[in-house]
Amino acid sequence: SVMQQEDEIKKKLHTTALTTIVFQLDLEGAIRYSLKNEVPLHKNITGNQLVALKNYMKILIHYFPFGQQGKEFLRKLNERAVEGRNEVSGKDFRQSFLQMEEEYKPFLPKQGWIGCRGSSLQYRGYPCSLWTMFHTLTVHEEARDGNVTGKQPEVLNAMEAYIKNFFTCSECAGHFTEMAKTIKGNVSTYTDSVIWLWQAHNNVNKRLAGDATEDPEHKKIQFPSAEACPTCRAADNSWNKTEVLSFLKKMYMNVVYLQEEDLSTTTTTTTAAPSTELKYNKNLRNTIFGEEQGYRHQGLGDNAKRTLWGFNIFDISICVVLYVCSAAILILVCIKFVFKRSYRKKPYIHDILSKV
């Protein structure tokens, strides 16, 4: 059950490195920065750039792990700013984003990084969250469409086009575009898509290990580590891809709704590196892809859980009260009407005499 899985995640928070946990805050940070900051950098978006933007919006709408409010936000933004257009103004797109964000409030109330937090502001952050988001999208695509016949994976191609056209690190975009040339010959199934991106990310980690961009407190390793997934490696240290796939699916299908205020950073000594102690409260939510339950992220407490039609418990309570009051008023009106009719039917002496 969802509750049991939440309990498992709570235990995991205290025993496992944050790099093996996917936080909704990081995912939302990626989508928010890309749509609010990167896309609007382009004055006029046309041609291949526009195709890339349309495909990016498409995979976000289909596979990003949002609740109903978030899904509606993405759909409305796409309808207002992208769909059916031959040209998109970056300025207008940003304005539409801000208006839709204000109207739908799809994001967690406080922005920041948890799993993608670097030891200083120059490290990790958005690039880390973008990787996390695309890994999540490939896994969710596999979960949703893996058994659909006649349909090809979309996320990797959309990712490659987005990075090529919009990612602000041009050198990074060039490296990824070069790697992406191998997608066509190696990816034909949704499982292939998940594995290809995992291998590509490890190749990038290998290339950048020891680079000036590497966070000294978050070394670039071949993921997952033997500690995080003991069964992912064979005796000769080669990868067991079946186990890797299982690990990735479990990791990216379980998203933790832990917010920044649930973290407290304490330094034990003046020379020791800060250690992060995780706390959790009612804000922790484990969401399973495909659930119809949506969350208004501004209130992730019990009252925030909504029904299929978007009503919470408070809304339903008001409806019940109004229904009962309306029924009571209707009953009183009927009683009064019946009483008046019976009163008028009583024979009085002057009525009888007038008929003689």
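None of the values given here were measured: they were computed from a predicted structure.

On to the overall build of the protein, then. Each helix and strand counted, the protein has 13 helices and seven strands in total. The burial tally for the protein puts 41% of its 356 residues in the buried class. Within the protein, residue pairs in contact and separated by at least 24 positions form 68% of the contacts whose partners lie at least 6 positions apart. Within the structure as shown, the protein displays about 20,200 Å² of accessible surface, and the carbon and sulfur contribution to it stands at 55%.

Attention now goes to the pattern of salt bridges. The full count for this structure, using the stated rule, is 10 salt bridges. In this structure, Glu154 and Lys58 form a salt bridge, with 2.9 Å as the shortest nitrogen-oxygen distance. With a gap of 96 residues between them, Glu154 in the loop between helix 6 (126-145) and helix 7 (155-166) and Lys58 in helix 3 (residues 47-63) connect regions that are remote in the sequence. Taking the shortest distance from any N to any O, the salt bridge between Glu142 and Lys249 comes out at 3.6 Å. A residue pair is termed long-range when its members are at least 10 positions apart, and Glu142 in helix 6 and Lys249 in helix 11 (residues 241-253) qualify at 107 residues. Residues joined by salt bridges that share partners form a network here, namely Glu72, Arg75, Lys76 and Glu79.

So, on to a nonpolar patch on the surface. Together, Val320, Tyr323 and Val324 make up a nonpolar patch on the protein surface, roughly 330 Å² of accessible area in all. Within the fold, Val320 resides in helix 12 (residues 313-344). A residue is classified by how much of its surface remains accessible, and Val320, at 46% relative accessible area, is partly exposed.

This part takes up the packing of aromatic side chains. Tallying each qualifying case throughout the model produces 14 aromatic pairs. Between the aromatic rings of Tyr56 and Phe134, the centroid separation amounts to 6.3 Å while the plane-to-plane angle is 50°, which identifies the pairing as tilted. Of this pair, Tyr56 sits in helix 3 while Phe134 sits in helix 6, and the two are 78 residues apart along the sequence. The residues Tyr56 and Phe134 share a single accessibility class, namely buried. Taking 6.1 Å as the distance between ring centres and 75° as the angle between the ring planes, the aromatic pair formed by Trp131 and Phe176 counts as edge-to-face. Here the residue Trp131 occupies a position in helix 6, and Phe176 occupies one in helix 8 (residues 170-179), the gap between them amounting to 45 residues. Through successive ring pairs, a cluster of aromatic residues spans Phe64, Phe66, Phe73, Phe97 and Phe107.

Moving on, we come to the UniProt feature "transmembrane region" (unreviewed entry) in the protein. The feature "transmembrane region" (unreviewed entry), as annotated in UniProt, sits at residues 320-339 in this numbering. What you have in residues 320-339 is 100% helix and 0% strand, and the ends, taken at the C-alpha atoms, are 29 Å apart.

Another aspect to go through is the packing of helix 8 against helix 10 (residues 190-208). Across the interface, helix 8 lies against helix 10 with an axial gap of 11 Å and an inter-helix angle of 135°. One way to sum up the angle between helix 8 and helix 10 is to call them oblique. Along this stretch, helix 8 crosses helix 10, giving a crossing that reads as right-handed. Contact with helix 8, carried on its side by His175, Phe176 and Met179, involves Trp196, Leu197, Ala200, Asn203, Val204 and Arg207 of helix 10 and no other residues of that element. In terms of residue class, the contact of helix 8 with helix 10 is made up of six nonpolar, two polar and one charged.

The tally for this structure, following the rule as stated, stands at three disulfides. The partner cysteine of Cys116 in its disulfide is Cys128, sulfur to sulfur 2.1 Å. In this structure the cystine formed by Cys116 and Cys128 twists about its S-S bond by roughly -70°; its chirality is therefore left-handed. Separated by 12 residues along the polypeptide, Cys116 in the loop between helix 5 (90-104) and helix 6 and Cys128 in helix 6 bring together distant segments of the chain. With its sulfur 2.0 Å from that of its partner, Cys229 forms a disulfide with Cys232. Between Cys229 and Cys232 the sulfur-sulfur dihedral comes to about 75°; the bridge is accordingly right-handed.

On to the nonpolar core. Counting residues in hydrophobic clusters, the biggest one holds 68 residues, and the most contacted among them are Leu35, Met133 and Phe134. Here this core gets nine residues from one element, more than from any other, and that element is helix 3. Counting eight residues, the second-largest nonpolar core is a separate cluster that includes Ile21, Leu25, Leu108 and Tyr257.

What follows concerns the side chain of Ser96. For Ser96, the position within the fold is in helix 5. By relative accessible area, Ser96 is classed as buried at 9%. In this view, Ser96 contacts Leu77, Arg80 and Ala81; residues no more than four positions away in its chain are not counted.

As a further point, take the environment of Phe247. In this fold, Phe247 is placed in helix 11. Remark: the alpha-carbon pair of Phe247 and Thr231, spanning 16 residues in sequence, is separated by 9.3 Å. Setting aside anything within four residues of it in sequence, one finds Phe247 in contact with Thr20, Phe223, Pro224, Ala228, Cys229 and Cys232.

What counts as what
- Numbering of residues starts from 1 in each chain and follows the order in which that chain's sequence is written.
- Local features in this predicted model are restricted to residues of pLDDT 70 or higher, and side-chain atom pairs are both shown and tallied only at a pLDDT of 80 or more, whereas totals for entire chains, interfaces and linings draw on every residue.
- As a convention, hydrogens and water are excluded, and side-chain values are obtained from all of the structure's heavy atoms.
- The secondary structure listing takes helices from DSSP runs of H or I that are at least 4 residues long and strands from runs of E that are at least 2 residues long, numbered from the N terminus.
- Buried residues are those whose accessible area, probed at 1.4 Å on protein chains only, stays under 20% of the maximum for their type, while exposed residues exceed 50% and partly exposed ones sit between those limits.
- Here, residues are in contact when the closest pair of their heavy atoms is within 4.5 Å.
- Per-residue accessibility takes into account occlusion by the displayed protein chains alone, with areas from the Shrake-Rupley method and a 1.4 Å probe.
- Each reported salt bridge corresponds to a side-chain nitrogen of Lys or Arg within 4 Å of a carboxyl oxygen of Asp or Glu.
- To count toward a patch, a residue needs a relative accessible area above 30% and no salt bridge. Like charges then connect within 9 Å, nonpolar side chains (Val, Leu, Ile, Met, Phe, Trp, Tyr) within 5 Å.
- Pairing of aromatic rings covers Phe, Tyr and the six-membered ring of Trp, with a centre-to-centre limit of 6.5 Å; geometry is then stacked below 30 degrees between planes, edge-to-face above 60, and tilted otherwise.
- UniProt positions are given in the numbering used here, feature names are shortened, and annotations may be inferred rather than shown by experiment.
- Only C-alpha atoms enter the line fits that serve as axes; for helices the fit covers just the stretch in contact. Angles between N-to-C directions range over 0 to 180 degrees.
- In what follows, roughly perpendicular refers to angles from 65 to 115 degrees, roughly parallel to angles under 35, roughly antiparallel to angles over 145, and oblique to any angle outside these ranges.
- Left-handed describes a crossing whose near helix is turned anticlockwise from the far helix by less than a right angle; the clockwise case is right-handed.
- Put simply, Ala, Val, Leu, Ile, Met, Phe, Trp, Tyr, Cys and Pro go in the nonpolar bin, Asp, Glu, Lys and Arg in the charged bin, and everything else, Gly too, in the polar bin.
- To count as a disulfide, a pair of cysteine sulfur atoms needs to be within 2.5 Å.
- We call a set of buried residues a nonpolar core when its members are Ala, Val, Leu, Ile, Met, Phe, Trp, Tyr or Cys and they connect through side-chain atoms within 4.5 Å of each other.

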